[in-house]
Amino acid sequence: MEAGDRVRVEKGKAVYEGVLMPSPTGSLVVKLDSGYNVGVRPGEARVTLLSKGRPPSSAPPPARPDPNHPAEDVHSRGRASSPAAPREGLPQVSILSTGGTIASRVDYRTGAVTSQFTAEELRQSIPELEEVARVRAEQVYSILSENMTPQHWVELAQRVAREIEGGARGVVVAHGTDTMAYTASALSLLLETPAPVVLVGSQRSSDRPSSDAALNALGAVRVALADLGEVVAVMHDGMSDEVCAIHRGTRVRKMHTSRRDAFHTIGGEPLGWVEPRSGRIELSPGRRPRGGDLKMRGPLEPRVGLVKFVPGAHPDLLESYRGMRGLVVEGTGLGHVSSSWIAPLAELSRGGMVVVMVSQCLEGRVCDRVYDTGRDLLKAGVVEGEDMLPETAVVKLMWSLGRAKSPEEARALFRQNIAGEYTETSRA
Ligand code: ASP
């Protein structure tokens with residue numbers, strides 16, 4: 001038996017049927033028809049060959065499918081087994097892949113995770129997608145998300161806009177989890193969208209038995225068809241394998257290095273939940289519903305820094321930010337730094353830099369009117385970042401500076417709530 005063969009695996013009372021995956025680790029990995037993988041040790045299960053097949057291809061299809069090529073034709077290239085044809089009359093969802101674990105697989109010789117699966121392969125490995133939508137998949141980048149830059153965000157926003165203009169009912173962006181929150185904030189600010197724009201990733205690559213890739217991707221496609229007009233992230237929720245949470249793009253954060261339910265909405269509840277398999281969706285009345293016009297709201301000013309104050313940090317540290325147009329300071333508690341930082345921050349601010357204060361607490365609101373150091377910071381021209389997450393504040397400052405003609409205008413823009421990046425009242 002070899003990779004690509006269709007097999008039946010019997011282990012105790014459990015019986016699985018699917019396609020044998022390449023697995024040089026010695027364990028048997030079978031991709032089930034549901035798109036999920038199961039892994040079993042060879043001696044512990046009875047494996048029967050059902051039919052011979054072609055090994056699953058890992059050769060990348062063309063990076064940019066011809067836009068004039070019907071999605072159905074793109075879809076049929078290089079598949080291991082013949083799929084059900086996309087159902088006529090289903091709405092179109094575009095999947096733009098940028099890379100990350102959701103588009104990766106493990107190199108079992110080195111143990112490294114490499115980003116090499118294309119959006120097309122992602123779609124192929126989750127056959128249920130075809131039941132839900134007419135999927136148009138395109139690989140925009142093939143990078144780990146730590147390599148994303150503000151330039152990628154702007155380009156990605158333009159690509160998303162093009163899909164919506166081209167008739168997509170919703171757009172899914174497959175993305176690495178590490179910096180997904182930054183991209184989600186950037187897309188939220190750069191795009192006023194009449195349709196859902198859904199970021200999705202996975203903590204475990206799709207060739208691992210515990211992968212969350214298929215569930216998350218199916219959930220994302222379902223949310224892309226929902227009554228939403230904003231940028232969200234859809235990721236595994238809780239301990240079960242049943243539910244994904246829908247997080248607002250400007251309020252979401254990766255809070256765990258490896259758990260599948262690593263993503264949380266900070267300072268509130270998620271915008272909703274989706275059961276990817278049944279298709280049940282619950283949406284909060286606080287979401288922005290579908291509709292309105294599509295607008296691009298760029299550009300971004302990339303010269304923005306983020307500095308975390310730690311006790312005893314020397315103020316000379318701030319010298320390295322000279323020349324930046326904006327600086328987000330992650331202060332302690334309600335938004336504080338030591339007295340020794342106040343004069344240098346005032347000088348940077350007087351020199352035209354926009355300095356914003358956010359809190360290391362993550363939960364709760366900055367208030368610099370309570371303690372002396374806070375009041376001194378306000379006198380120094382520092383802008384309170386409300387209850388904005390530090391990552392969101394960085395992107396918001398890039399956005400404000402990109403659009404404004406002066407530091408004053410940038411400060412005023414920064415204070416406006418554009419895409420729910422801060423809440424009006426923090427929960428106690
Ligand atoms: N380092 C990877 C990335 O962010 C991790 C992931 O995708 O989950 O691209």
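Residues numbered from 1 in each chain as written. Predicted model: local features only at pLDDT ≥ 70, side-chain atom pairs only at ≥ 80, totals over all residues. Heavy atoms only, no water.

1. Describing the site of the ligand
Link 1 in the chain: By nearness alone, every residue bordering the ligand is listed as Gly100, Thr101, Leu144, Ser145, Glu146, Gly176, Thr177, Asp178 and Ser202.
Link 2 in the chain: One of the backbone nitrogen or oxygen atoms of Thr101 is found 2.8 Å away from an oxygen atom of the ligand.
Link 3 in the chain: One nitrogen or oxygen atom from the side chain of Asp178 is found 2.9 Å from a nitrogen atom belonging to the ligand.
Link 4 in the chain: Considering the ligand on its own, with 260 Å² of exposed area, one finds that the protein chains cover 90% of that surface. (Near = heavy atom within 4 Å. Polar contact = N/O pair within 3.5 Å; in protein donor to acceptor, adjacent residues only side chain to side chain. Areas by Shrake-Rupley, 256 points an atom, 1.4 Å probe, with all protein chains shown as cover.)

2. Thoughts on the environment of Ala380
Link 1 in the chain: For Ala380, the location among the structural elements is in the loop between helix H8 (372-379) and strand S23 (383-384).
Link 2 in the chain: Taking the C-alpha atoms as reference points, Ala380 and Leu345, separated by 35 residues in sequence, lie 6.8 Å from one another.
Link 3 in the chain: Once residues within four sequence positions are removed from consideration, Ala380 is found in contact with Ile342, Leu345, Ala346 and Ser349. (Helix = DSSP H or I, 4+ residues; strand = E, 2+ residues; numbered from the N terminus. Contact = heavy atoms within 4.5 Å.)

3. Quick look at the sheet that holds strand S20 (residues 304-308)
Link 1 in the chain: Strand order in the open sheet made by the 4 strands is S20-S21-S22-S23, with parallel pairing throughout. Because the sheet does not close on itself, it has two edges, and the strands there are S20 and S23.
Link 2 in the chain: As paired strands, strand S21 (residues 326-331) and strand S22 (residues 354-359) are joined by 6 bridges and run parallel to one another. Paired with Gly326 across the two strands is Val354, which belongs to S22. (Pairing = 2+ DSSP bridges.)

4. Digging into the pairing of strand S13 (residues 231-236)
Link 1 in the chain: Here S13 lies mainly inside the structure; 6 of its 6 residues are buried.
Link 2 in the chain: Alignment of strand S12 (residues 197-200) against S13, held across 3 bridges, turns out to be parallel. Among the inter-strand pairings, Leu199 is bridged to a residue of S13, identified as Ala233.
Link 3 in the chain: Regarding topology, helix H6 (residues 213-223) serves as the crossover connection from S12 to the parallel S13, and that connection is left-handed. (Buried < 20%, exposed > 50% of the residue type's maximum accessible area, 1.4 Å probe, protein only. Right-handed = clockwise from strand over helix to strand, strands pointing away.)

5. Thoughts on the nonpolar core
Link 1 in the chain: Residues Trp153, Val160, Val173, Leu187, Leu199, Val356 and Leu397 are the most contacted members of the largest nonpolar core, which totals 50 residues.
Link 2 in the chain: Excluding residues within four positions of it along the chain, Val160 makes contact with Leu96, Val171, Val173, Leu191 and Val197.
Link 3 in the chain: Ranked by size, the runner-up nonpolar core spans 29 residues in total, among them Val93, Val200, Ala214 and Ala224. (Core = buried A, V, L, I, M, F, W, Y, C linked by side-chain atoms within 4.5 Å.)

6. Re the packing of helix H9 (residues 390-403) against helix H10 (residues 407-415)
Packed helices, taken two at a time, are described by the angle between their axes plus the distance between the axes.
Link 1 in the chain: Two numbers describe how H9 lies on H10: the axes approach to 8 Å, and their chain directions differ by 135 degrees. Viewed along their axes, H9 and H10 adopt a mutual orientation that is oblique. Relative to H10, the crossing made by H9 is right-handed. Contacts between H9 and H10 involve Ala393, Lys396, Leu397, Trp399, Ser400, Leu401 and Arg403 from the former and Glu409, Ala410, Leu413 and Phe414 from the latter.
Link 2 in the chain: For the contact of H9 with H10, the per-class residue count stands at 7 nonpolar, 1 polar and 3 charged. (Axes fitted to C-alpha atoms, helices over the stretch in contact; angles between N-to-C directions. Parallel < 35°, antiparallel > 145°, perpendicular 65-115°, else oblique. Left-handed = near helix turned anticlockwise from the far one by under 90°. Nonpolar A, V, L, I, M, F, W, Y, C, P; charged D, E, K, R; others polar.)

7. A closer look at the side chain of Arg411
Link 1 in the chain: Relative to the elements of secondary structure, Arg411 occurs in helix H10.
Link 2 in the chain: Taking the relative accessible area as the measure of exposure, Arg411 reaches 13% and is therefore buried.
Link 3 in the chain: Excluding residues within four positions of it along the chain, Arg411 makes contact with Ser349, Met353, Val354, Gly381 and Val383.

8. Brief notes about the side chain of Glu330
Link 1 in the chain: As for its placement among the helices and strands, Glu330 is situated in strand S21.
Link 2 in the chain: By relative accessible area, which is 10% here, Glu330 ends up buried.
Link 3 in the chain: A distance of 3.5 Å separates a polar atom in the side chain of Glu330 from a polar atom in the side chain of Lys308.
Link 4 in the chain: Once residues lying within four places of it in the same chain are set aside, the contact partners of Glu330 are Leu306, Val307, Lys308, Phe309, Val358, Gln360 and Pro390.

9. Considerations on the pattern of salt bridges
When the charged atoms of two side chains lie near each other, side chains of opposite charge can form a pair.
Link 1 in the chain: Inspection of every chain in the model, using the stated rule, returns 32 salt bridges.
Link 2 in the chain: Two residues, Arg136 and Glu138, come together in a salt bridge whose shortest N-O distance is 2.3 Å.
Link 3 in the chain: For Arg136, a relative accessible area of 18% gives the class buried.
Link 4 in the chain: The closest approach of N and O atoms between Arg159 and Glu138, which form a salt bridge, is 2.6 Å. Note that Arg159 is positioned in helix H4 (residues 150-165) and Glu138 in strand S9 (residues 134-139), a separation of 21 residues in sequence. Like Glu138, Arg159 is buried.
Link 5 in the chain: A single salt-bridge network, built from bridges that share partners, covers Arg136, Glu138, Arg159 and Glu163. (Salt bridge = Lys/Arg side-chain N within 4 Å of Asp/Glu carboxyl O.)

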